[in-house]
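# Understanding the architecture of this molecule
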Amino acid sequence: MRIKSSLENYILVLPALLIFSVFYIIPFIWVFQLSLFDWDGILPVKTFVALANFKEILFQDSSWWQAMRNAGYITLVALTFQNALAFLLALACDRQIRMKNFYRVVFFIPPILSEIVVGMVWRFIINDVDGANIINRFFYGIGMPQLAHNWLTDPDIALTTVAIVHSWKGFGWGFLIFLAGLQTIPRELYEAARVDGANAWGCFKKITFPSMVPVIVLVAILTILGTMQAFALILGLVGGEFAGHTSVPVLRILSVMRDSSRFGYACAQGLSFGVILVVISFIQYRLSKRYRQR
Amino acid sequence: MKSLIYYKTKKITLDLLTHLFLFSIAVTCLYPLLWMVASSFKTQETIFSDISLIPKKFHFENYYFALSESDFGRYLLNSVFYTVAVVIAIVIIASMAAYAFSRLRFPGRNIIFAVFIAAMMIPIPGSFVALFVLLNKLHLRDTPLGYILCMINVGLSMSIFLLKTFFDTMPRELEDAARIDGCSKIGIWRHVALPLAKPVLAVVVVLNALNVWNEYVLALVIFDNKNLMPLQRALMIFQGEFLTNYPLLMAGLTVTALPIIIVYLLMQKYIVKGVTSGALFG
């Protein structure tokens, strides 16, 4: 009776378990396995190369590290500019003002759009070759043509353009989480502080900021994980002909797999990248825990 | 009296500045999208010269051409099909599993659940390489079924997590009553748990629908056959083929973005709930 009941219970989990095992667990194990081989993805022969792929990533693959630096740069912009903007907007919306709902709805429109759509629309707006380049028109219009640039083709600027468009797409998401966090802070705390003679800045420093630290850390972790792995936005924005100066790790993995047919090497790249991401988010998690214990 | 006026002016100035700040950012959010829609009604000749947001003449033929002549209608149908199929499958599979994890006893229950949750947290950026190999072996690559199964897996962990959290808080009395009436476990899941979970199911539906509609990398790796591609993938190809026909491209972008914006405006309560419960990763 007991066994029969257990079997019956398994039936409910079985479909989920089956799909999960085949499409998550098996690929997960294969990434580890394949990273030790040299394989073109088609031939039945795989050559075992031990850790040679990882050695190549570490010491020879300059385009991989260039891509890592690029993603790091975009992430840095997202962590500072994008999240600061999100936080300021959340603070502004947390005040008793009208049209709060309108702002909240509008700010979250960019995050629900796909990276491809956002990239293509912005490409069309800011590019010279196949766009209207409204920004340059504006600079010409106000008589400051020296500010006009080739936003997407100039190697010195393209990455910053990508980072800013990425921030445009992402800030609404941080805004929403920050706002939800701010709304959980009890209003009585502020009233008590006011009675004690605290000014606005004092309230922020002693109440708002300390209670928001866990939320800020959560948003920071998710920003890092999301931004480091972003790539479709760049495809839409810069197009298929992405050169080294806007390449990011996932684009490198895709290129190694599809253009160079080096499946083992692509897995090794993905694996080392994944390890770095897990380590970063773990460190950040620990730091926030220490902060909260203080 | 004087201080009252002082405080009032201070509050009004502060409110004005706040609105100025919020409003300028809101305009920055909306402008590119209005520009996209406006451009989709212009012609190749006027699209760069007439940069106003309201075109002088509306050219609806861009949409006609995009949807009928250039196969964009097919991609739209593909996207709708994939989204509906994946969402329905996830709702059934995830709610069954979540109910079992929350209410039923079986060996290994907690370990299996922990693995599902861990999968939600650990990023494996190279997994699409292995998925490509796997689908090739199963002869599922370049098939709708292969793509649908992969996308079900993508949304499964998060959906199970959301639903289990809900089922944990559900009162047991109704289930007990159903059991006494001779309802089977699957019957209780179907007739008691599912109807009660409607608000959470709405969150699961909306988040997964957005996710499938906007997905790109798996569509890139899995599909070679143009006739099977969803919108996002087709857009990139579309851009290559019609790179010079901007109004057409803008019509294609509008067709891709508009359904998601409409769904968002109708269901934003649920999206906000899903995001703020920390469930939306990335």
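As a starting point, this report considers the structure included with it. The residue count restarts for each chain, going from 1 along the sequence in the order it is written. All chains are assigned letters beginning with A, and all ligands numbers beginning with 1, in the order in which they are written. Where totals are concerned, whole chains, interfaces and linings use all residues; where local detail is concerned, this predicted model gives features only for residues with pLDDT of at least 70, and gives and counts side-chain atom pairs only at 80 or more.

### So, the overall build of chain A
From N to C terminus, chain A includes 13 helices and two strands. For the radius of gyration, the atom set is restricted to C-alpha positions; the globular benchmark scales as 2.2 Å times the number of residues to the power 0.38. On C-alpha atoms alone, chain A measures out to a radius of gyration of 24 Å, which is more than a quarter above the 19 Å that the 2.2 N^0.38 rule sets for 294 residues. In terms of overall dimensions, chain A has a C-alpha envelope of 75 × 75 × 35 Å along the principal axes. Within chain A, buried positions represent 41% of all 294 residues. Each residue gets a C-beta atom placed from its backbone, and two residues are in contact if those atoms lie within 7 Å. Considering only intrachain contacts with a sequence separation of at least 6, the fraction spanning at least 24 residues in chain A is 72%. Counting from the N terminus, the helices are the DSSP runs of H or I reaching at least four residues and the strands are the DSSP runs of E reaching at least two. For the exposure call, what matters is how many other C-beta atoms sit within 10 Å of a residue's own: 20 or more marks it buried, 12 or fewer exposed, and in between partly exposed, using C-beta atoms placed from the backbone.

### Focus: the overall build of chain B
The helix and strand tally for chain B stands at twelve helices and zero strands. Expected size for 282 residues packed as a compact globule is a radius of gyration near 19 Å; at 24 Å, chain B overshoots this value by more than 25%. With the C-alpha coordinates of chain B rotated into their principal frame, the extents come out at 75 × 70 × 35 Å. The buried share among the 282 residues of chain B stands at 41%. Of all intrachain contacts in chain B linking residues separated by at least 6 positions in sequence, the fraction that spans at least 24 positions is 75%.

### Looking at the packing of helix H6 (residues 115-126) of chain A against helix H12 (residues 246-276) of chain B
Lines fitted to C-alpha atoms define the axes, with helix axes restricted to the stretch in contact, and inter-axis angles between N-to-C directions lie between 0 and 180 degrees. At a minimum axis separation of 10 Å, H6(A) and H12(B) run at an interaxial angle of 150°. In terms of axis orientation, H6(A) runs roughly antiparallel to H12(B). For the element pair H6(A) and H12(B), the recorded crossing hand is left-handed. Across from Val117(A), Met120(A), Val121(A) and Phe124(A) in H6(A), the residues of H12(B) making contact are Tyr246(B), Leu253(B), Thr256(B) and Ala257(B). Residues are sorted three ways: Asp, Glu, Lys and Arg are charged, Ala, Val, Leu, Ile, Met, Phe, Trp, Tyr, Cys and Pro are nonpolar, and all the rest, Gly among them, are polar. For the contact of H6(A) with H12(B), the residue count by class is seven nonpolar, one polar and no charged. By the definition adopted for this analysis, an angle is roughly parallel if under 35 degrees, roughly antiparallel if over 145, roughly perpendicular if from 65 to 115, and oblique otherwise. Left-handed is the label given to a crossing in which the near helix is rotated counterclockwise from the far helix by less than a right angle, and right-handed is the label when the rotation is clockwise.

### Focus on the packing of helix H7 (residues 173-180) of chain B against helix H8 (residues 185-196) of chain B
All names here are of chain B. The interhelical angle for the contact between H7 and H8, taken along N-to-C directions, is 140°, at an axis separation of 10 Å. By the angle between their axes, H7 is oblique relative to H8. Note that H7 runs across H8; the crossing there is right-handed. Here Leu174, Glu175, Ala178 and Arg179 of H7 come into contact with H8, specifically with Ile188, His191 and Val192.

### Examining the nonpolar core
Here a nonpolar core is just a set of buried residues of the types Ala, Val, Leu, Ile, Met, Phe, Trp, Tyr and Cys, joined wherever their C-beta atoms sit within 7 Å. The biggest cluster of nonpolar side chains holds 164 residues, and the ones touching the most others in it are Phe175(A), Ala94(B), Ala97(B), Val129(B), Ile160(B) and Leu163(B). In terms of residue count, helix H3 (residues 72-103) of chain B provides more of this core than any other element does, 14 residues in total. With sequence-adjacent residues up to four places away left out, Val129(B) is seen in contact with Ile253(A), Met257(A), Phe263(A), Ala266(A), Cys267(A) and Gly270(A).

### Describing the interface of chain B and chain A
Interfaces are often sized by the amount of accessible area the parts lose when they come together. Between chain B and chain A, the contact holds 70 residues from the first and 71 residues from the second. The biggest single contributor to the side of chain B that touches chain A is helix H1 (residues 2-39) of chain B, with twelve residues. A class-by-class count of the residues in the side of chain B that touches chain A yields 53 nonpolar, 14 polar and three charged.

### Looking at the environment of Met229(B)
Residue and element names in this part refer to chain B. Its location among the elements puts Met229 in the loop between helix H10 (217-222) and helix H11 (231-241). Taking the C-beta count within 10 Å as the criterion, Met229 has 25 such neighbours and is therefore assigned buried. Taking the C-alpha atoms as reference points, Met229 and Tyr147, separated by 82 residues in sequence, lie 9.9 Å from one another. Leaving out residues up to four positions away in the same chain, Met229 has contacts with Tyr75, Asn78, Ala219, Phe223 and Ala234.

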